[in-house]
Amino acid sequence: MNEIIENLALEKSFEQLSEAERAEVLAEMSPEAYNQLHTLLHIAPDLDQGPGPDASLRARLLTHMAGARVTAGRRPYRIPLWQVAAAVALAVAATLFFHKPVIREIPVEVVLIQTDTVYIEKPQWQERVVWREKVVYRDQPVATMPMPTADSTPVIFTPGTSLEKEPALMQFFVQVR
């Protein structure tokens, strides 16, 4: 509904409107609908009046609100000191009980020699050194690889060897982290 028409209906009846106001109202609604709106807006405040609350209710509400204001300043409950100490002790015990100890192994230098081949007119051999460290946990058994002896010679493959004849070549296709 138009706010201007609502303000006019609150102040004047249809007969009291000027010619410009009447034209504006007639563009929106009929004169009978405007008069009903005018009557409704004047009667509405009288419809809401009813019996008021009891005086004792007001007094009870005021005392309840005053009591609530006093308890809002502090905590509504208190925790005994022994319960706080027991909770702290349980937290410390749970931390110690569920803590998984980490045993660090002394890093052992393991040298792995890997040979890569580049196929051009004549083969060129390149060696790569990989260093590894392991962290060992107490709960998990650790399998250690034996160290290669110094007198062992690396396996050298001839170019063009198939994987069927030399399955050890497959180690070049597996990524090591």
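Since this is a predicted model, take the numbers as computed values, not measurements. (Residues numbered from 1 in each chain as written. Predicted model: local features only at pLDDT ≥ 70, side-chain atom pairs only at ≥ 80, totals over all residues. Heavy atoms only, no water.)

Asker: So what exactly am I meant to see when it comes to helix α3 (residues 31-47) here?
Answerer: Every α-helix carries 3.6 residues per turn, so stepping three or four residues along brings you back to the same face. With 17 residues, α3 extends 24 Å between its outermost C-alpha atoms, agreeing within 8% with the 24 Å of an ideal straight helix rising 1.5 Å per residue. Remark: the principal bend of α3, roughly 25 degrees, maps to leucine 41, with a proline, proline 45, within the next four residues. By the burial criterion, the buried members of α3 are Tyr34, Leu37 and His38. Turning to α3, the residues buried within the fold contact α1 (3-11) and α2 (19-28). (Helix = DSSP H or I, 4+ residues; strand = E, 2+ residues; numbered from the N terminus. Expected span 1.5 Å × (residues − 1). Bend = angle between axes of the 7 residues up to and from the residue. Buried < 20%, exposed > 50% of the residue type's maximum accessible area, 1.4 Å probe, protein only. Contact = heavy atoms within 4.5 Å.)

Asker: I would appreciate a short explanation of a nonpolar patch on the surface in the present structure.
Answerer: A contiguous nonpolar patch, built from Tyr77, Ile79, Leu81, Val84, Val88, Val92 and Leu96 and spanning about 740 Å² of accessible area, is present on the exposed surface. Note on placement: isoleucine 79 falls in the loop between α4 (55-72) and α5 (81-98). (Patch = residues over 30% accessible without salt bridge, like charges linked within 9 Å, V, L, I, M, F, W, Y side chains within 5 Å. Areas by Shrake-Rupley, 256 points an atom, 1.4 Å probe, with all protein chains shown as cover. Salt bridge = Lys/Arg side-chain N within 4 Å of Asp/Glu carboxyl O.)

Asker: Would you mind showing me how to read the packing of α1 against α2 here?
Answerer: When two helices pack together, their arrangement is given by the angle between the helix axes and by the axis-to-axis distance. Their axes nearest at 10 Å, the elements α1 and α2 cross at an angle of 120 degrees. By the angle between their axes, α1 is oblique relative to α2. By crossing handedness, the relation of α1 to α2 is classed as left-handed. The residues of α2 that touch α1, namely those facing Ile4, Ile5 and Leu8, are Glu21, Glu24, Val25 and Glu28. Within the contact of α1 with α2, the residues separate by chemical class into four nonpolar, no polar and three charged. (Axes fitted to C-alpha atoms, helices over the stretch in contact; angles between N-to-C directions. Parallel < 35°, antiparallel > 145°, perpendicular 65-115°, else oblique. Left-handed = near helix turned anticlockwise from the far one by under 90°. Nonpolar A, V, L, I, M, F, W, Y, C, P; charged D, E, K, R; others polar.)

Asker: What exactly am I supposed to notice about the packing of aromatic side chains here?
Answerer: Aromatic ring pairs are reported here in terms of the distance separating the ring centres and the angle at which the planes meet. Going through the model one piece at a time under the given rule, you end up with two aromatic pairs. Taken together, a centroid distance of 4.9 Å and an interplanar angle of 80 degrees make the contact between phenylalanine 97 and phenylalanine 98 edge-to-face. Of the residues examined, phenylalanine 97 reaches a relative accessible area of 66% and is grouped as exposed. For phenylalanine 98, a relative accessible area of 66% puts it in the exposed group. Between the NZ or CZ atom of arginine 22 and the centre of the ring of phenylalanine 14, over which it lies, the distance is 5.3 Å. (Phe/Tyr/Trp six-rings, centres within 6.5 Å; stacked < 30°, edge-to-face > 60°. Lys NZ or Arg CZ within 6 Å of the ring centre and 35° of its normal.)

Asker: Can you walk me through the environment of asparagine 35 in this structure?
Answerer: Take asparagine 35: it is sitting in helix α3. For the pair asparagine 35 and phenylalanine 14, spaced 21 residues apart in the sequence, the C-alpha separation amounts to 6.2 Å.

Asker: Help me understand the nonpolar core, please; the structure alone is not making it clear to me.
Answerer: Within soluble globular proteins, side chains that are nonpolar generally end up buried alongside one another. In terms of nonpolar packing, the biggest core is built from nine residues, these being Ile5, Leu8, Ala9, Phe14, Leu17, Val25, Met29, Tyr34 and Leu37. Those elements giving two or more residues to this core turn out to be α1 and α3. Considering each element in turn, this core owes the most residues, three residues, to α1. Those residues in contact with alanine 9 that sit more than four places away from it in its chain are Tyr34, Leu37, His38, Leu41 and His42. (Core = buried A, V, L, I, M, F, W, Y, C linked by side-chain atoms within 4.5 Å.)

Asker: Where do I start with the confidence of the model for the protein in this structure?
Answerer: Should the pLDDT be low somewhere, the predicted coordinates at that spot are not to be read in detail. Taken residue by residue, the protein gives an average pLDDT of 77. The fraction at 70 or more is 68%. When mean pLDDT is taken per element in the protein, α5 scores highest with 93 and strand β4 (residues 135-137) scores lowest with 66. (pLDDT = per-residue confidence, 0-100.)

Asker: Sorry, what's going on with the packing of α1 against α3 here?
Answerer: Where α1 contacts α3, the axes come no closer than 8 Å and their chain directions differ by 65 degrees. In this view, α1 runs roughly perpendicular relative to α3, as classed from their interaxial angle. The crossing of α1 and α3 is right-handed. Touching Ile5, Glu6, Leu8, Ala9, Leu10 and Glu11 of α1 are Tyr34, Leu37, His38, Leu41 and His42, all from α3.

Asker: Explain the pattern of salt bridges to me, please; I cannot follow it from the model alone.
Answerer: Oppositely charged side chains can form a pair if their charged atoms are brought close together. For the structure shown, the criterion picks out one salt bridge. One salt bridge in this structure joins glutamate 21 and lysine 12, with 3.3 Å as the shortest N-O distance. Residue lysine 12 is classed as partly exposed on the basis of its relative accessible area, which comes to 25%.

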